[in-house]
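# Examining the three-dimensional arrangement
Residue-level listing of the chains:
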Amino acid sequence: MASLAVGLILEKIASKDKDFRYMATSDLLNELQKDNFKLDSDTERKVSQIVLQQLDDASGDISGLAVKCLAPLVKKVSECRVVEIVDSLCQRLLTGREQQRDIASIALKTVVAEISSGSVAQCVVVSLTPKLIKGITSSETSTEIKSECLDILCDILHRFGGLMTADHEKLLNALLVQLNLQRAGLRKRAIQCLATLASSMSDDLLARATITVVQILKNKEVRPEMTRTNIQMIGAFCRAVGYRFGPHLNEVVPLLISYCENASENDDELRENSLQDLECFVVRCPRDVAPHTNTILDLTLEYLSYDPNFTDDMVEDQDEDIDGEEEEDEESADEYSDDEDVSWKVRRAAAKCLSAVISSRPEMLATLYVKASPRLIERFKEREENVKIDVFNAFIDLLRQTGNVTKGSGDIRSSSLLYVLQQEVPKVVKSLNKQLREKSVKTKVGAFSVLKELVIVLPDSLSDHVGSLVPGIERALNDKTSNSNLKIEALVFTRLVMASHSSAVFHPHIRALSGPVLAAVGERYYKVTAEALRVCGELVKAIRPNFDMPPVFNFIPFVQPIYNAIFKRLTAQDQDQEVKECAISCMGLVISILGDQLKKELGMCLPLLMERLRNEITRLTAVKAFATIAESPLKIDLSSVLEQVVTELTTFLRKNNRALRQASLGTLNSLLKAYSNKISPSSYESIVTELSSLISDADLHMTALALELCCTMMVDKQHHANAGMLIRERVLPQALVLVKSSLLQGQALQMLQGFFAALVQSANTSFKTLLESLLSTARSTVAPGGPVSKQAFYSIAQCAAVLCLAAGDAECSSTVAMLVTTLRTSNGTDATQLLSLLCLGEIGRRRDLSAHANIEVVVIGSFQSPSEEIKAAASYALGNIAVGNLAQYLPFILNEIDRQAKLQYLLLHSLKEVIARQSLNGEGKVDLRDADVQKILSLLFTHCESEEEGVRNVVAECLGKLAFIEPEKLVPALKERTASPSAFTRATVVIAIKYTIVERPQPIDAYIKPCIASFLLLIKDEDRHVRRAAVSALSTAAHNKPGLVKDLLPTLLPLLYDQTVVKKELIRTVDLGPFKHIVDDGLELRKGAFECMDTLLDGCLDQIDPSYFITPFLLSGLSDHYDVKMPCHLILSKLANKCGAAVLAVMDRLVDPLEKTVTNKTKPDAVKQEVDRNEDMIRSALRAIDSLNRINGEPSVRFKAFMSHVVKSGSLAEKYSAVRHENCLFFSWCI
């Protein structure tokens, strides 16, 4: 059927009427594009010939259609036919008439773009390459033909460079010659071809090409245009091959610097090209360029102010005459009085090179603040706008890199980067204030961008400068020439600066700011309006920062204007969703802070908010707005809408939208706290009914909120005495199921304890019944929620302890007596004994149990139980009982450790509980006596050399926690033992020091800092267990207190890197008879080392050279065991986000290990656990790949091919899409 249709079409194509030929060619194109279209060999030949003939048609429309026909045709015909088509087209290109040549060139490019890789591509490459080389090198070939040949060759190399390996040398020789041609256009195309070729040719050929170009550059007699061409060639090579160009930098960099410095006064293009190459080296070869970075930095700073035709006085004169007119895309020098002045291109290249140094060398930040920061601030006065924007961007990069390095530290000591930046702030503000007075909108947007980044990195840094910045904000918002971008930038900056500074700073300027901001609320463009509303929210907080009487600032004159502006937006219907949400949020703030001045207006405003609450699109924002109002100390009168709001919020608890349910629970809690006496009992009953379905371990955060709401409802016994009974009937059964969950922890567990305490204090609730219900959940073997887990016993015990204490002294004492009796009789089950011990421990930790005689003897009797769980529970109970009365029970524990050698491990655990509770909570503690401390120390140090690892770990934790109590004694004693001949002792003291490093500042920090090096340098210890302990300690220090280790990192990092390498001496083979098993004793150490690096990247990025770490250490980890690959993928993602340039430079080398990981298949007989692990590893690798794909910059050809052929095809495509979606959600949440 296809052949018949094609036959009819071919007859029409032969017509003399060009309209017939056009229609027939169009029909042929439609047929060829059909998926089920197939040709026999004879028809295939005829169609191919006809299409080629149509290329010569006198009508341009018909020849254009014929070119389009080639795209589907080459996919439908045989391999030999494709080669025939290509040969014919190539012949026309090289020998045809001008019109034929143009069409043939387009057709060849179409064919090259459409053929698939494989045997067809191989045949086409073999056929085309010699002809194109001849076309390029032949002296008889015209310039136009050479140009077309170079274009086509570039396309072929881009797609099939890897298939042309045999011809690489011929191609290289042919193309290098083209760099010496007179025509600049041909030289430019030759550069593109060579760069594309370089990405697939061998290192030897790359070296040869580079040497050839460098030799030409060394010849100072070469014409300037040839020198520029070869410098551009160097840059193109580096961009194409990345890190592979690194070995040549030692020769190339000095040469380029020499050309840059010695170029003639008129050869600014040469300087620009040299600086562009240096920028490329910094970005693409960060490791190899490191020795030259300081020299490059000095050069960029020198040329950042290179302006031979202007002096500072001339710049000032010119500034007065700037007319402010601007065209976005114009980069020419038309604005200058001297059209030939292109020195601005040199300054722009220098700014971009400096920006590359800043972005790729976080470890140089201290140097950059000394050298680069003052020069950048000085160059804010740049006269060429495009260069000025690049200077702004370079300074923004410096601020962002500072933010990355100091994130979360808040350290503004005299030696810190933030302190250095703080000293620069006055100069920055002074210089930017001048820019904000410029007429150019683009300049003002750039200035606000710098200020915005400054506030993000260094909050509260502009307190002394707000007054000088306010006029600039006013002009940006009021000026009729301002566009929406400028207004948005000004408003975003205003919002950030108001949110991060004290309200008092803005009080003198409220009148000046409020007018332009409220005017912006009425803007037509929705983004400006939304941002202005957000600023209004900050403005409201600023005018009334507290509710003191009399107020610190007279806010009353501003109440009505602010309210009116927001109310107008709140009532409008035809506006963007973002504006609606911002208006609702802002009105919530206005009512909560200024509501006492708006009593008349509330009658109109609250019903309007109620309408927004009922609207599905705006209800979530309205829920949060009502929470804000309910939490106001002004006790706003909500009686007109309160019952309706509560009813709506109660219905929201049934919705599928999780965010809506969470917000509704929080708002209901706030409303019940503030207005419980005005809410009807029926509303309470409805809320309780809905809460019962929200309490489960499927969503612990939601459960915590629901339990908190239950506690709030039970507090108001005066107005809602029956709330406790309702909750007991409907919520308690779910709570008793929840308490058995092995997932229960954190906030949900705390709220559950509060729930039981509130329930026992509510009306008509029996303590004994409640306690029995709680304890019975652990005893029952079959109950809702399944069998009781080990974790559940601890949860039940904590809830029982809180319940007893809330019930009063008498009930608590009787419960303790009952539990002791249960232990004494020993008739109970293991579950009963276990629960009794844990309950005694939890009660004893909170209350002195010395009134119960010999309770410690009863508890220690359980040490003899055959059950390990009961022994552990007894140890836990004894330690916690001792916490309640240290003076009585600690000596007992210490004596027992001496007396009972067999029970030492359990008794040490008891001692650990005592020390841990003492060190973590100093409130009301009894200080340990010196004699006790000495006895404990002697005991612990004796057990440092125990053969049992469990004992050593307990000893280490005890020593670490004890160091909080006696740092002046413990820290020197621990340091002394780092030189112990026993590896066990060395490992124990290093683990102990890890427990002393916690997030919050502690007095012990002053004792640790001078000697922490002694512990961490054990990373080079001969024993792997000691090395593992030291790596773990370094990771803890880097996470909790990076300041302790930053100065030591130049010494520690090489030692840490060494632990990431696979060591053959740690791999052993275990003979298991029928088969042999390979054991890698270094696996845990390598995993720990990479996890430590992951932590260091968060807090100590400025001390790390990412290029040195990536190659070879991270690359090695990406090919290692599953347990090592997982942290390496996380590290790679982090580096891609923070140090994209360093990762971009070695992207080619990352492809192999990542490809092996994502294409790894499990064995057919693999168990489910192995399959799941492999899937987790693939997803982890895909997350890293997605991070690589997000890096700003041009990825390598190989990575592009990997993405298109592996990641985005086949079964991986769906997984990658899911991972991308997860990452997008995460990034949007972060924003």
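Residues numbered from 1 in each chain as written. Predicted model: local features only at pLDDT ≥ 70, side-chain atom pairs only at ≥ 80, totals over all residues. Heavy atoms only, no water.

The protein chain has the name TATA-binding protein interacting (TIP20) domain-containing protein in an unreviewed UniProt entry, where Sphagnum jensenii is given as its organism. A UniProt comment under Sequence similarities (unreviewed entry) is attached to the protein chain, and it reads "Belongs to the CAND family." (UniProt positions renumbered as here; feature names shortened; annotations may be inferred.)

## Quick word on helix H29 (residues 619-630)
With 12 residues, H29 extends 16 Å from end C-alpha to end C-alpha; this agrees with the ideal 16 Å at 1.5 Å per step. Among the structural elements, helix H27 (577-594), helix H28 (602-614), helix H30 (642-652) and helix H31 (658-675) are those in contact with the buried residues of H29. (Helix = DSSP H or I, 4+ residues; strand = E, 2+ residues; numbered from the N terminus. Expected span 1.5 Å × (residues − 1). Contact = heavy atoms within 4.5 Å.)

## Quick look at the confidence of the model for the protein chain
Of the residues in the protein chain, 94% have a pLDDT of 70 or more, and the chain-wide mean is 87. Taken together, the stretch residues 320-337 has pLDDT below 50 and engages in 25 contacts with residues farther than four places along the chain or on a different chain. In this model, residues 1227-1231 is a region of pLDDT below 50 whose contacts with residues beyond four sequence positions or in other chains number one contact. (pLDDT = per-residue confidence, 0-100.)

## Concerning the packing of helix H55 (residues 1122-1138) against helix H57 (residues 1147-1158)
Following both chains from N to C, one finds H55 and H57 inclined at 130°, their axes separated by 13 Å at the closest point. When the axis of H55 is compared with that of H57, the two are oblique. Here H55 runs over H57; the crossing is left-handed. On H57, the residues that touch Lys 1125, His 1129 and Leu 1132 of H55 are Leu 1150, Leu 1154 and Thr 1157. (Axes fitted to C-alpha atoms, helices over the stretch in contact; angles between N-to-C directions. Parallel < 35°, antiparallel > 145°, perpendicular 65-115°, else oblique. Left-handed = near helix turned anticlockwise from the far one by under 90°.)

## Some words on the side chain of Thr 822
Among the structural elements, Thr 822 can be located in helix H39 (residues 809-825). A polar contact of 2.9 Å, which involves the side chain of Thr 822, links it to the backbone oxygen of Met 818. (Polar contact = N/O pair within 3.5 Å; in protein donor to acceptor, adjacent residues only side chain to side chain.)

## Some points on the pairing of strand E1 (residues 1067-1071)
Examined bridge by bridge, E1 and strand E2 (residues 1076-1080) share five bridges and lie antiparallel to one another. Counterpart to Arg 1068 in the pairing with E2 is Val 1079. (Pairing = 2+ DSSP bridges.)

## Section: a nonpolar patch on the surface
Nonpolar side chains collect at one region of the surface, where Val 1062, Ile 1067 and Ile 1078 lie side by side and expose about 250 Å² of accessible area between them. Secondary-structure assignment places Val 1062 in the loop between helix H52 (1049-1058) and E1. Look at Val 1062 and you get partly exposed, because its relative accessible area is 36%. (Patch = residues over 30% accessible without salt bridge, like charges linked within 9 Å, V, L, I, M, F, W, Y side chains within 5 Å. Areas by Shrake-Rupley, 256 points an atom, 1.4 Å probe, with all protein chains shown as cover. Salt bridge = Lys/Arg side-chain N within 4 Å of Asp/Glu carboxyl O. Buried < 20%, exposed > 50% of the residue type's maximum accessible area, 1.4 Å probe, protein only.)

## Regarding the pattern of salt bridges
Counted under the stated rule, the structure contains 66 salt bridges. Measuring nitrogen to oxygen at the nearest pair gives 2.8 Å for the salt bridge that ties Arg 92 to Asp 56. In this pair, Arg 92 sits in helix H5 (residues 79-95) while Asp 56 sits in the loop between helix H3 (41-54) and helix H4 (60-76), placing the two residues 36 residues apart along the sequence. Residue Asp 56 is classed as partly exposed on the basis of its relative accessible area of 31%. By sharing partners, the salt bridges in this structure join Asp 307, Arg 347, Arg 379, Glu 382 and Arg 383 into a single network.

## Concerning the packing of helix H8 (residues 143-160) against helix H9 (residues 168-178)
For the pair H8 and H9, interaxial distance at closest approach is 13 Å and the crossing angle is 135°. Comparing the axis directions of H8 and H9 gives the class oblique. When the axes of H8 and H9 are compared, the crossing they make is left-handed. From H8, Lys 146, Leu 150, Leu 153 and Leu 157 reach across to H9, where they touch Leu 171, Leu 175 and Gln 178.

## Considering the UniProt feature "domain: TATA-binding protein interacting (TIP20)" (unreviewed entry) in the protein chain
The UniProt feature table records "domain: TATA-binding protein interacting (TIP20)" (unreviewed entry) at residues 1044-1206. A helix fraction of 66% and a strand fraction of 6% characterise residues 1044-1206, whose end C-alpha atoms lie 44 Å from each other.

## A closer look at unusual backbone geometry
The peptide bond linking Thr 1111 to Pro 1112 adopts the cis configuration, its omega dihedral lying at 10°. Tracing the backbone through its elements, the reader meets Pro 1112 in helix H54 (residues 1106-1118). In this structure, Asp 460 takes a positive phi of about 65° despite not being glycine. Tracing the chain through its elements places Asp 460 in the loop between helix H21 (441-457) and helix H22 (466-478). Here Lys 635, not a glycine, exhibits a phi torsion of approximately 50°, which is positive.

## Some thoughts on the packing of aromatic side chains
A complete count under the given rule lists 16 aromatic pairs for this structure. Taking 5.4 Å as the distance between ring centres and 80° as the angle between the ring planes, the aromatic pair formed by Tyr 794 and Tyr 876 counts as edge-to-face. Separated by 82 residues along the polypeptide, Tyr 794 in helix H38 (residues 790-807) and Tyr 876 in helix H42 (residues 868-884) bring together distant segments of the chain. Since its relative accessible area comes to 13%, Tyr 876 is described here as buried. Linked through ring pairs, Tyr 1057, Phe 1090, Tyr 1108, Phe 1109 and Phe 1113 together constitute an aromatic cluster. Seen from the ring of Phe 941, Arg 977 lies directly overhead, with NZ or CZ sitting 3.6 Å from the centre. Across from the ring centre of Tyr 995, 5.5 Å away, lies the NZ or CZ of Lys 994, which sits over that ring. (Phe/Tyr/Trp six-rings, centres within 6.5 Å; stacked < 30°, edge-to-face > 60°. Lys NZ or Arg CZ within 6 Å of the ring centre and 35° of its normal.)

## Considering the side chain of Gln 575
Turning to its location among the elements, Gln 575 is positioned in the loop between helix H26 (556-571) and H27. A distance of 2.5 Å separates the side chain of Gln 575 from the backbone oxygen of Arg 569, its partner in a polar contact. Among the polar contacts made by the side chain of Gln 575, one reaches the main-chain carbonyl oxygen of Ala 572 at a distance of 3.2 Å. Residues within four places of Gln 575 in sequence aside, it is in contact with Arg 569 and Lys 580.

## Structural notes on the nonpolar core
If you look at the biggest cluster of nonpolar residues, it comprises 431 residues, and the most contacted ones within it are Phe 281, Phe 755 and Leu 911. It is H27 that provides the largest number of residues to this core, a total of 11 residues. If sequence neighbours within four positions are ignored, Phe 281 has contacts with Ile 234, Cys 238, Phe 245, Leu 249, Val 252, Val 253, Leu 256, Pro 286 and Val 289. (Core = buried A, V, L, I, M, F, W, Y, C linked by side-chain atoms within 4.5 Å.)

## Details of the environment of Val 83
Along the polypeptide, Val 83 turns up in helix H5. Residue classification places Val 83 among the buried positions, given a relative accessible area of 17%. When the C-alpha positions of Val 83 and Arg 1183 are compared, they lie 42 Å apart, and in sequence the two are 1100 residues distant.

## Notes on the environment of Ser 910
By the secondary structure assignment, Ser 910 is in helix H44 (residues 904-920). For Ser 910, a relative accessible area of 0% translates into the label buried. Those residues within four positions of Ser 910 in sequence are excluded, and the remaining contacts are Phe 863, Ser 875, Leu 878, Gly 879 and Ile 893. A polar side-chain atom of Ser 910 sits 2.7 Å from the main-chain carbonyl oxygen of Ser 875.

## Let's talk about the state of the cysteines
Summed over all chains, the structure comprises zero disulfides. For Cys 193, which is in no disulfide, the shortest distance to another cysteine sulfur is to Cys 154 and amounts to 4.5 Å. Cysteine Cys 804 shares no disulfide, and the gap to the nearest cysteine sulfur, in Cys 812, comes to 5.4 Å. Overall, Cys 804 belongs to the buried group, its relative accessible area being 1%. (Disulfide = S-S within 2.5 Å.)

## Some thoughts on helix H23 (residues 484-500)
Taking 1.5 Å per residue, 17 residues should reach 24 Å; H23 reaches 24 Å between its end C-alpha atoms and fits that length. The set of residues buried in H23 consists of Leu 486, Lys 487, Ile 488, Glu 489, Ala 490, Leu 491, Val 492, Phe 493, Thr 494, Val 497 and Met 498. Of the surrounding elements, those touching the buried residues of H23 are H21, H22, helix H24 (510-521) and helix H25 (526-543). Where H23 begins, one side-chain oxygen reaches toward the backbone nitrogen of Asn 485, 3.3 Å away; that side chain belongs to Asn 483.

## Overview of the environment of His 292
Note that His 292 resides in the loop between helix H14 (268-284) and helix H15 (293-304). You can call His 292 buried: its relative accessible area is 13%. Taking the C-alpha atoms as reference, His 292 lies 46 Å from Ser 1211; in sequence the two are 919 residues apart. Aside from chain neighbours lying at most four places away, what touches His 292 is Leu 249, Asn 250 and Val 253.

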